[in-house]
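This is what each chain is made of:
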Amino acid sequence: MSNQLEYYFSIESDLEYCARYVEFSETNFDTFSIEFARIIMAASAEIDTLAKELCKLIDSDSKANNISKYAECIQSKYPNICGVSLAIPRYGIKTQPWKDWSKNQSPNWWKSYNSIKHDRANEFHKASLKNAIDTLAGLLSITLYYLKEKNGKLLDISAFHAPRLLVFEDNTANGGLENGRIDWQYCLP
């Protein structure tokens, strides 16, 4: 198991625990908390690190150092990343964390992360459940793209080391990522 995936699981576990206190539903998407802020900050910092490294794997001369440059580089090899759709089936929640890249914009959750990071006193309300879910979905997808690029192949993960909250929506329909399977294979677009 990679350190990157273990880090994802750690953050995912923190978000999953929050469901004991805040029901994961659209009604509560604007609920904000210190825990959501911590999850958003940790996941976004890891996304920043992995996206930069992914860009270097895609192009060894890459100087990408911000979300816009990451988008340009990553989409040059993986143009379908904008269509990545993840779900939390047990709560009926779906998200496309990178869809804003198709409009040449930073994802809303990334903008919220920067607001929380730079102006927490005035922007703390952006540490919301919705942004925590979207950020976690962004982290899972970028982690898997990074590992695919680094290892040169799709990643097979046993059910014991599979995400507990998020699944790739496209894979749910074809059986590739159903909870409880012995082996999961991530099919990245």
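Residues numbered from 1 in each chain as written. Predicted model: local features only at pLDDT ≥ 70, side-chain atom pairs only at ≥ 80, totals over all residues. Heavy atoms only, no water.

Below, the discussion takes up the sheet that holds strand β1 (residues 86-88). Two pairing modes exist for strands in a sheet, parallel and antiparallel, and in both the strands are linked by backbone hydrogen bonds. Here three strands make up an open sheet; going across it, the order is β2-β1-β4 and the pairing antiparallel. In the strand order of this sheet, the two ends are held by β2 (93-95) and β4 (167-168), each with one partner. The pairing of β1 with β2 spans three bridges and is classified as antiparallel. The residue bridging Leu 86 from the neighbouring strand is Thr 95, located in β2. Its contacts with the sheet put helix α6 (residues 129-151) on β1, β2 and β4, and the angle it makes with β2 is roughly 55°. (Pairing = 2+ DSSP bridges. Helix = DSSP H or I, 4+ residues; strand = E, 2+ residues; numbered from the N terminus. Contact = heavy atoms within 4.5 Å. Axes fitted to C-alpha atoms, helices over the stretch in contact; angles between N-to-C directions.)

Turning to the packing of helix α2 (residues 34-58) against helix α3 (residues 67-77), a few remarks are in order. Between α2 and α3, whose axes approach to 9 Å, the crossing angle comes to 50°. In this view, α2 runs oblique relative to α3, as classed from their interaxial angle. Remark: the crossing between α2 and α3 carries left-handed chirality. Between α2 and α3, the contacting residues are Asp 48, Ala 51, Lys 52, Leu 54, Cys 55 and Ile 58 on the first element and Tyr 70, Cys 73, Ile 74, Ser 76 and Lys 77 on the second. Grouping the constituent residues of the contact of α2 with α3 by class yields seven nonpolar, one polar and three charged. (Parallel < 35°, antiparallel > 145°, perpendicular 65-115°, else oblique. Left-handed = near helix turned anticlockwise from the far one by under 90°. Nonpolar A, V, L, I, M, F, W, Y, C, P; charged D, E, K, R; others polar.)

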